[in-house]
Each structure stands twice: as C-alpha cells, then as structure tokens.
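Examining the three-dimensional arrangement
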Amino acid sequence: MEIKIKFEKEEIECEIFETELGKKIYEKLPFNSKARLWGKEIYFEIPVSSEIKNPKNEVEKGDIGYWPDGKCMCLFFGPTPISRGEKIIPASSVEIIGKIKSDLKILENIKSGEKIIVEKK
C-alpha cells in the first residue's frame with residue numbers, strides 16, 4: 001500500500017505493509033500531524049490507537065514503526081539517543097508497519113514542529 005508523507009519543503013514515498021495494523025492505519029488516511037525528532041527518528045501522532053502484535057526493540061534504517069505508547073508513526077533513518085553503534089533502538093517497542101522508499105537523506109532536513117500530511121499515493 002503506497003503512501004506519501006509531505007513535510008513543509010520535502011516529500012517522501014513509503015510502503016505500508018498489508019498487516020492488520022498497516023491496513024488500520026491506511027484506512028485512516030489522509031491525516032495531518034506535527035514532526036517531532038529524537039536523534040535520527042521522526043515521530044508524529046496519528047489517529048490510530050492499537051496494541052502491537054509483533055514488538056521490535058531494534059529496527060533498521062528506513063523502517064516505519066508504530067509506537068503504541070505515543071500513538072505515533074516513527075520514521076527511522078539513523079541512530080536514536082539510546083542506540084548502540086549502528087543498532088537503531090526505539091524508545092520502547094514498536095511494530096514495523098512499512099518501509100521508506102525515498103532517499104533517507106531527505107529526512108535530515110526535517111525540523112521539529114513541521115507540519116506533516118500523510119496521504120494515499
């Protein structure tokens with residue numbers, strides 16, 4: 001399931017996996033939010049509240065996670081403040097719901113507080 005995430009000056013293309021949680025999020029599109037940064041992770045609140053069935057405590061560059069504690073979508077593009085070496089560690093367990101298809105360097109330009117629009121492609 002293809003989506004676009006638009007920031008104030010940038011846009012990325014992503015794939016949301018056809019899992020139960022992925023479909024639940026996709027059905028809520030489009031929605032707006034505000035970017036928050038935590039190291040090389042952009043996270044933002046979304047209108048979905050869900051438990052996670054496949055928790056991960058380590059993620060890969062380019063993963064999109066759902067963080068149930070904050071009802072947030074998380075875009076991982078490098079180490080977080082609690083990462084060890086090259087391992088990317090989220091604040092707490094996330095479920096991987098998709099993959100970023102665009103160049104991850106784009107995310108380096110995003111500032112905290114930027115408006116975000118998430119929509120179907």
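Here, every reference points to the structure presented above.
Quick caveat, the model's predicted, so the values are computed rather than measured.

Cut-offs used in this document
Residues numbered from 1 in each chain as written. Predicted model: local features only at pLDDT ≥ 70, side-chain atom pairs only at ≥ 80, totals over all residues. Heavy atoms only, no water. Salt bridge = Lys/Arg side-chain N within 4 Å of Asp/Glu carboxyl O. Helix = DSSP H or I, 4+ residues; strand = E, 2+ residues; numbered from the N terminus. Buried < 20%, exposed > 50% of the residue type's maximum accessible area, 1.4 Å probe, protein only.

1. Thoughts on the pattern of salt bridges
If you walk through the whole model with that rule in mind, you get 7 salt bridges. Lys 101 serves as the salt-bridge partner of Glu 2, at 2.8 Å between the closest nitrogen and oxygen. You can see Glu 2 sitting in strand S1 (residues 2-6) and its partner Lys 101 sitting in the loop between strand S8 (95-100) and strand S9 (115-120), a full 99 residues away along the chain. Across the pair Glu 108 and Lys 40 runs a salt bridge whose closest N-O atoms are separated by 2.9 Å. Taken together, the residues span a long stretch of sequence, with Glu 108 in the loop between S8 and S9 and Lys 40 in the loop between strand S4 (36-37) and strand S5 (41-45) at a distance of 68 residues. The class for Lys 40 is partly exposed, based on a relative accessible area of 31%. In this structure, a network of salt bridges that share partners links the residues Lys 4, Lys 6 and Glu 119.

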